[in-house]
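Observations on chain architecture
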Amino acid sequence: MAGTVTATMIYNADLPIYKKEKLYASNIPCPPGVPTTNHRGEFRDGILITDMRHDLKGYHLDKQGFEVVRHGLRIDRSDFEDDAWVEHNYYPIIEEMLQNRLGNVRVQIFDHTVRFEKNNIMLSLYVR
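Note that the structure is a prediction, hence the values are computed from the model and not measured. (Residues numbered from 1 in each chain as written. Predicted model: local features only at pLDDT ≥ 70, side-chain atom pairs only at ≥ 80, totals over all residues. Heavy atoms only, no water.)

**A word on the overall build of the protein chain**
Along the backbone of the protein chain there are 2 helices and 4 strands. Taking 2.2 N^0.38 as the reference for a compact globule, 128 residues should give roughly 14 Å; the C-alpha atoms of the protein chain span a radius of gyration of 19 Å, well beyond that estimate. In terms of overall dimensions, the protein chain has C-alpha extents of about 50 × 45 × 40 Å along its principal axes. When the 128 residues of the protein chain are sorted by exposure, 12% land in the buried category. At a minimum sequence separation of 6, the contacts of the protein chain that also span at least 24 residues come to 46%. (Helix = DSSP H or I, 4+ residues; strand = E, 2+ residues; numbered from the N terminus. Rg over C-alpha atoms; globule rule 2.2 N^0.38 Å. Buried < 20%, exposed > 50% of the residue type's maximum accessible area, 1.4 Å probe, protein only. Contact = heavy atoms within 4.5 Å.)

Spelled out as structure tokens, the structure:
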């Protein structure tokens, strides 16, 4: 199948504790005896990864857990180099779009990652 690869992925383990306790990871020290995370992952081999760019309408939030939504705005890639611009201009656009798509929910974007290539090296800039 063109545009498809097989990979090993890590998934959240299906543990009984998750039926009564949400997954969590703390970025700050926890009190003695409290673990910083309750996450346990498990590797799964043979996961099929498909290039979805040829079928953007074939993915739905209720079935795949994500979907592609176009907001119709023309935003220049260079705008994303300015974190203040992103937070003050792009965040509100995305928050409104998600509220319209998901209904009466509170949406709050708290960080973003910008990925770019420099000297043939992929870099990620995490902004919080």
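**Notes on the pattern of salt bridges**
Taken as a whole, this structure holds 3 salt bridges when the rule is applied. Between Arg-53 and Asp-51 there is a salt bridge, and its shortest N-O distance comes to 2.8 Å. On the basis of relative accessibility, which here comes to 24%, the residue Asp-51 falls in the partly exposed class. Between Glu-67 and Arg-101 there is a salt bridge whose closest N-O contact spans 2.8 Å. With Glu-67 in the loop between helix H1 (61-64) and helix H2 (83-102) and Arg-101 in helix H2, the pair connects residues that are 34 residues apart, well separated along the chain. For Glu-67, a relative accessible area of 26% gives the class partly exposed. (Salt bridge = Lys/Arg side-chain N within 4 Å of Asp/Glu carboxyl O.)

**Comments concerning the nonpolar core**
By size, the foremost hydrophobic cluster in this structure holds 5 residues: Val-86, Tyr-90, Tyr-91, Ile-94 and Met-97. Beyond its immediate chain neighbours, meaning those up to four positions away, Tyr-91 contacts Val-86, Ile-109, Phe-110, Asp-111 and His-112. (Core = buried A, V, L, I, M, F, W, Y, C linked by side-chain atoms within 4.5 Å.)

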